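Residues per chain are reported as follows:
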Amino acid sequence: MSTRSSKRVGRRSRLFQAIACSMLVATTPLAALAAQPLPADSLGLSTQCATASTAAERATCYTRKIADLKLSAHGEQLFSSNAATTNVPVVAAYTETATLGDPDSWKTDEFLQDWGLAAMNAHHAYARGLTGSGIRLGLLDSGVGLEHDEFAGKAHQGLVIGDLLADGSRCGADAYIGGNTACFGTDGGRPSVEASYVDTSLRDEVPPEYQYLIDTTFLRWDSHGTHVAGTMAANRDGSGMHGVAFAADFSAARLFSDTFVGFDLACYMGTQLCLDLSTHASESAIDDMYQQMNAANVRALNHSWGLTLEPANADEQAAYFLSPELETYWGTFAEGTRTNGMIQVWAAGNAWFPYASAEEAPIAGIHASLPRHFADLESYWLSVVNLAQTGDADNPYVLSRLSMKCGLSKDWCIAAPGTDITSAVYEGEVGVQGMALALTADGNFRLTGVEQLKSNTEYAYADYSGTSMATPHVTGALALLFERYPYLTNAQVRDVLLTTATDLGEAGVDDVYGWGMVNLQKAIEGYGQFRVDTEVDMVSAAGGTHWWNDSKVWDVWTNDISGAAFSFTSSAGGWLRLAGNNTFNGLTVKGGTLELTGTNTLTRD
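Rules behind the numbers
Residues numbered from 1 in each chain as written. Predicted model: local features only at pLDDT ≥ 70, side-chain atom pairs only at ≥ 80, totals over all residues. Heavy atoms only, no water. Helix = DSSP H or I, 4+ residues; strand = E, 2+ residues; numbered from the N terminus. Buried < 20%, exposed > 50% of the residue type's maximum accessible area, 1.4 Å probe, protein only. Contact = heavy atoms within 4.5 Å. Areas by Shrake-Rupley, 256 points an atom, 1.4 Å probe, with all protein chains shown as cover. Axes fitted to C-alpha atoms, helices over the stretch in contact; angles between N-to-C directions. Parallel < 35°, antiparallel > 145°, perpendicular 65-115°, else oblique. Nonpolar A, V, L, I, M, F, W, Y, C, P; charged D, E, K, R; others polar. Polar contact = N/O pair within 3.5 Å; in protein donor to acceptor, adjacent residues only side chain to side chain. pLDDT = per-residue confidence, 0-100. Pairing = 2+ DSSP bridges. Patch = residues over 30% accessible without salt bridge, like charges linked within 9 Å, V, L, I, M, F, W, Y side chains within 5 Å. Salt bridge = Lys/Arg side-chain N within 4 Å of Asp/Glu carboxyl O. Left-handed = near helix turned anticlockwise from the far one by under 90°. Expected span 1.5 Å × (residues − 1). Phe/Tyr/Trp six-rings, centres within 6.5 Å; stacked < 30°, edge-to-face > 60°. Lys NZ or Arg CZ within 6 Å of the ring centre and 35° of its normal.

**Thoughts on the overall build of the protein chain**
Here is step 1 of the chain: When helices and strands are tallied, the protein chain shows 17 helices and 29 strands.
Here is step 2 of the chain: Out of the 605 residues in the protein chain, the part that is buried amounts to 58%.
Here is step 3 of the chain: For the protein chain, contacts bridging at least 24 residues in sequence account for 75% of all contacts bridging at least 6.
Here is step 4 of the chain: Entry remark: accessible area of the protein chain is about 22,600 Å², with carbon and sulfur atoms responsible for 51%.

**So, the packing of helix α11 (residues 283-295) against helix α13 (residues 327-338)**
Think of two packed helices as two axes; the pair is described by the angle between the axes and how far apart they sit.
Here is step 1 of the chain: Remark: α11 packs on α13, axes separated minimally by 9 Å, with the N-to-C direction vectors making an angle of 0 degrees. Judged by the inter-axis angle, α11 sits roughly parallel to α13. Between α11 and α13, the residues in contact are Glu-283, Ile-286, Asp-287, Tyr-290 and Asn-294 and Thr-328, Tyr-329, Thr-332, Phe-333 and Gly-336, respectively.
Here is step 2 of the chain: Partitioned by chemical class, the residues of the contact of α11 with α13 number 4 nonpolar, 4 polar and 2 charged.

**A look at the side chain of Asn-235**
Here is step 1 of the chain: With respect to the helices and strands, the residue Asn-235 is situated in the loop between α9 (224-233) and β8 (249-254).
Here is step 2 of the chain: The buried category is assigned to Asn-235, whose relative accessible area is 10%.
Here is step 3 of the chain: A polar contact is formed between the side chain of Asn-235 and the backbone oxygen of Asp-149, at a distance of 3.4 Å.
Here is step 4 of the chain: Within the structure, Asn-235 has its side chain in polar contact with the side chain of Lys-154 (distance 3.2 Å).

**What to know about the environment of Asp-511**
Here is step 1 of the chain: One can find Asp-511 in the loop between α16 (490-499) and α17 (520-523).
Here is step 2 of the chain: Sequence separation of Asp-511 and Ala-358 is 153 residues, and the distance between their C-alpha atoms is 9.7 Å.
Here is step 3 of the chain: The contacts of Asp-511, once residues within four sequence positions are left out, are Lys-405, Cys-406, Gly-407 and Lys-410.

**Here's the deal with the confidence of the model for the protein chain**
Here is step 1 of the chain: Across the protein chain, the average pLDDT comes to 87, with 84% of residues at 70 or higher.
Here is step 2 of the chain: This stretch, residues 1-43, has a pLDDT under 50; its non-local contacts, to residues over four places away or in other chains, come to 98 contacts.

**A short note on the sheet that holds strand β27 (residues 575-578)**
Here is step 1 of the chain: Here we have 3 strands laid out as an open sheet, ordered β24-β27-β29, and parallel in their pairing. In this open sheet, the two edge strands, each paired with only one partner strand, are β24 (554-557) and β29 (593-596). Within the sheet, the average angular offset between the axes of one strand and its neighbour, ignoring direction, is 15 degrees.
Here is step 2 of the chain: Summarising the sheet, β27 and β29 pair through 4 bridges and their orientation is parallel. What sits directly across from Trp-575, in β29, is Thr-593.

**Let's talk about a nonpolar patch on the surface**
Here is step 1 of the chain: Residues Leu-265, Tyr-268 and Met-269 make up a contiguous nonpolar surface patch of about 270 Å² in total accessible area.
Here is step 2 of the chain: Residue Tyr-268 is classed as partly exposed on the basis of its relative accessible area, which comes to 32%.

**A closer look at the packing of helix α15 (residues 467-484) against α16**
Here is step 1 of the chain: At their nearest, the axes of α15 and α16 sit 10 Å apart, and the two run at 115 degrees to each other. Judged by the inter-axis angle, α15 sits roughly perpendicular to α16. When the axes of α15 and α16 are compared, the crossing they make is right-handed. In this structure, α15 contributes Val-474, Ala-477, Leu-478, Leu-481 and Phe-482 to the contact, and α16 contributes Asn-490, Val-493, Arg-494 and Leu-497.

**Description of α15**
Here is step 1 of the chain: End to end, α15 covers 26 Å across 18 residues, agreeing with the expected 26 Å (1.5 Å per residue, within 8%).
Here is step 2 of the chain: Burial analysis of α15 places 18 of its 18 residues in the buried class, the great majority of the element.

**As for the sheet that holds strand β28 (residues 587-589)**
Here is step 1 of the chain: Read from one edge of the open sheet, 3 strands run β23-β26-β28, paired in parallel fashion. If you trace the sheet from one side to the other, it starts and ends with β23 (534-537) and β28, each paired once. Here the strands of the sheet are splayed against their neighbours by 15 degrees on average, with no regard to which way each runs.
Here is step 2 of the chain: One ladder, built from 3 bridges, connects strand β26 (residues 566-569) with β28; its direction is parallel. Each residue of the ladder has a partner; that of Phe-568, found in β28, is Val-589.

**Focus on the packing of aromatic side chains**
Here is step 1 of the chain: Tallied over the full model, the rule gives 25 aromatic pairs.
Here is step 2 of the chain: Ring geometry for Trp-346 versus Trp-381: centroids 6.2 Å apart, planes at 25 degrees, classification stacked. You can see Trp-346 sitting in strand β13 (residues 343-347) and its partner Trp-381 sitting in strand β14 (residues 381-389), a full 35 residues away along the chain.
Here is step 3 of the chain: With relative accessibility at 0%, the residue Trp-346 sits in the buried group.
Here is step 4 of the chain: Among the aromatic residues, those joined into a ring-pair cluster are Tyr-290, Trp-305, Phe-321, Tyr-329, Trp-330, Phe-333, Trp-346 and Trp-381.
Here is step 5 of the chain: Note that Arg-236 overlies the ring of Phe-246, its terminal NZ or CZ placed 5.9 Å from the centroid.
Here is step 6 of the chain: If you follow Arg-299 out to its NZ or CZ, it ends over the ring of Phe-482, 4.1 Å from the centre.

Written out as structure tokens, the structure reads:
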């Protein structure tokens, strides 16, 4: 089943799930294709769409089938547990009690709601005055409930994106939910809506206690994107939980449209397909999203989604990468980074069933592995796997048994907390009599009842698990490091994050954990390794609290640094002190002042 399943496990939802699961094949038309080894030159879409009578219908078939194949949230909400679902109390004013220079003082009750913050040593970054202030992040997900109090008072954005139409305009946000000529358009500032309808023909199949479901559409929020955004940047305000970069701003775009599933006797018995309405983004809508993200100066973009069924090996990945039908699609993601050097942070993906050992886990998904197809993207890409707690002080974190491993993305892969993560959600459900659909003037359908759902919304918290939940921990950590190193490029900050990670599993970079666990205590102290020959131009002073001289453009890196060669300059007359015991491969100073105070054994001049 798609990993976009509802996290609710109540009696009503179990009935919906039972009906939906009985029609699994019918509602996932490419599931069988995605599960099979694919030829290197084709996805077979031409054959599948050959019965379309016109070129326009064939084009629509391609778009929808590719979209069906690729879109799936990587948060395993079905396997998650609920936390508190009460309305969020409004905090009139918050006075920070933690102090600079004292990491433990930042471990408030609010901090402790997300165990991932302490696991990544985020409190050490906060004690250095780092909060993510002035940094804009992005997420492409199921939409964010911006009215949640955890996002109040910030310059967050909900981006409106849509398919490019023949007249040059964009499809309107949530104008359609389906139909022969329906297009895709969404507002990232509200979550997508999931609607389920049980037809009157099922009246005799439904037990007496469920008769109230008949001829009623139940609408509920998909809180996946809200949960992800909370982990990235929820407010530190003394209430609920707070995000990794609690002072950062974000721009949210919605990849998933509203959905409507109608169950009747025929589809329940398997004699015909269930009514399944939704729209899917074309490449033009994805391009629209990237243009807006880059215009807003988004530094890192969070992707907690991927294929429902991912390729299992390098050959299967190659089939997708080399498919002519997907050439434009892959290029759209690549150009999104090439424009401004945006870092793209991808969930590695979730396994369908628990596996026996981390080594047996499936490999990271194809989007997380895209630098295998476009080598120039490697410096700007991150693949993220999900860690769970073990309760063992000697080995506290291990790959979740439902997480994919780094696999072929190991060289740009990192691990982060992603199991039983508490964050913000929209709760609430509403029942609307009849089918909550209206026919538009052009013969398509739109969803009704959304306003009633809005009036029945609770701003709450819940525990979710999945690589979807690990990924925003990494994106939030990047925001703290962007603030810490304003003179480094996005790609250089990414390398600081990777090379200061705490090694897990086999020594060095491995195909399970990649570089290891995010460690912000070490990451705020400079590089751990120069992965490639690295040139730094110190154009501004270090971010956060200064310990030396605020009138100078300066910084201190205390880590022991190994690796490739380092070249330093400063067009601002800056001063960089390397205080560790360094063994990197040679040094060039082109400007500014470079001070070395440790024991340095460089392998060339």
